[in-house]
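# Residue-level structural notes
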Amino acid sequence: MFPFVGKPINAYEQVSIGTSVNEADPHQLILMLFEGASAALKTARFAMQEGNIPLKGGSISKAIDIIANGLGASLDENRGGDLALQLGALYEYMVSRLLWANLKNDLGALKEVETLLGEIHEAWRQIDPAQIQQPPES
């Protein structure tokens, strides 16, 4: 009787997310990437436990994309030095563990990445954006 009930809600959520992204500072954007990856991993874990292979694969792929092309791409090795290099290597490790988890239905590997991502996410939450030094304008 009401075929479009879910669609306005989905559209509202997309506008809400888009507005949040447009208004976010770089620190908030990184936090949003962590939240998106964490949500995708939770969905993947649920799907893996339920045997829902398409949902598991799609959710792991989403997490990989966020980690590699969001978090990894945001690293600035010139300004971040060794820390940026180490985070980059850790993100690459997480991606390889997620590929393994997807291929072998390895719940332990998935949980390992969830834990690692959670620890880094918590560290980012502790950063006070007001204390971050901005690069000199050239």
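Here's what I pulled together on the structure shown here. Treat the numbers as computed from the prediction; the structure is a model and nothing was measured.

## Describing the side chain of Ser-38
- By secondary structure assignment, the location of Ser-38 is in helix α2 (residues 26-50).
- We classify Ser-38 as buried; its relative accessible area is 18%.
- Discounting chain neighbours no more than four positions away, the residues touching Ser-38 are Leu-117 and His-121.

## Re the side chain of His-27
- Tracing the chain through its elements places His-27 in helix α2.
- Polar side-chain contacts of His-27 include one of 2.9 Å to the backbone oxygen of Trp-124.

## Quick word on unusual backbone geometry
- With phi around 50 degrees, Asn-105 is a residue other than glycine that occupies positive phi space.
- On the secondary structure map, Asn-105 appears in the loop between α4 (77-104) and α5 (107-126).
- By relative accessible area, which is 39% here, Asn-105 ends up partly exposed.

## Some remarks on α4
- Look at α4: only 33 Å from first C-alpha to last across 28 residues, short of the 40 Å you get at 1.5 Å a residue.
- The principal kink in α4, of about 70 degrees, is found at Leu-83.
- For α4, the full list of buried residues reads Ala-84, Leu-87, Gly-88, Tyr-91, Met-94, Val-95, Leu-98 and Ala-101.
- Two to three positions downstream of the cap, the backbone nitrogen of Asn-78 sits 3.0 Å from a side-chain oxygen, assigning the N-cap of α4 to Asp-76.
- Phi turns positive, to about 50 degrees, at Asn-105, one or two residues after α4.

## Topic: the nonpolar core
- Ranked by size, the top nonpolar core spans 25 residues in total, and within it Ile-67, Tyr-91, Met-94, Leu-98, Leu-110 and Leu-117 carry the most contacts.
- At the level of elements, α2, α3 (53-71), α4 and α5 are the ones that each hand at least two residues to this core.
- If we ignore the near neighbours within four places in the chain, the residues touching Leu-98 are Leu-41, Ile-60, Ala-63, Ile-64, Ile-67, Leu-110 and Val-113.

## Some thoughts on the packing of α3 against α4
- At a closest axis distance of 10 Å, the pairing of α3 and α4 adopts a crossing angle of 170 degrees. Judged by the angle between their axes, α3 and α4 are roughly antiparallel. Contact residues: Lys-56, Gly-57, Ile-60, Ala-63, Ile-64, Ile-67, Ala-68 and Leu-71 in α3; Tyr-91, Met-94, Val-95, Leu-98, Leu-99, Ala-101 and Asn-102 in α4.
- Of the residues assigned to the contact of α3 with α4, the class counts are 12 nonpolar, 2 polar and 1 charged.

How each quantity is defined
- Residues numbered from 1 in each chain as written.
- Predicted model: local features only at pLDDT ≥ 70, side-chain atom pairs only at ≥ 80, totals over all residues.
- Heavy atoms only, no water.
- Helix = DSSP H or I, 4+ residues; strand = E, 2+ residues; numbered from the N terminus.
- Buried < 20%, exposed > 50% of the residue type's maximum accessible area, 1.4 Å probe, protein only.
- Contact = heavy atoms within 4.5 Å.
- Polar contact = N/O pair within 3.5 Å; in protein donor to acceptor, adjacent residues only side chain to side chain.
- Expected span 1.5 Å × (residues − 1).
- Bend = angle between axes of the 7 residues up to and from the residue.
- Core = buried A, V, L, I, M, F, W, Y, C linked by side-chain atoms within 4.5 Å.
- Axes fitted to C-alpha atoms, helices over the stretch in contact; angles between N-to-C directions.
- Parallel < 35°, antiparallel > 145°, perpendicular 65-115°, else oblique.
- Nonpolar A, V, L, I, M, F, W, Y, C, P; charged D, E, K, R; others polar.

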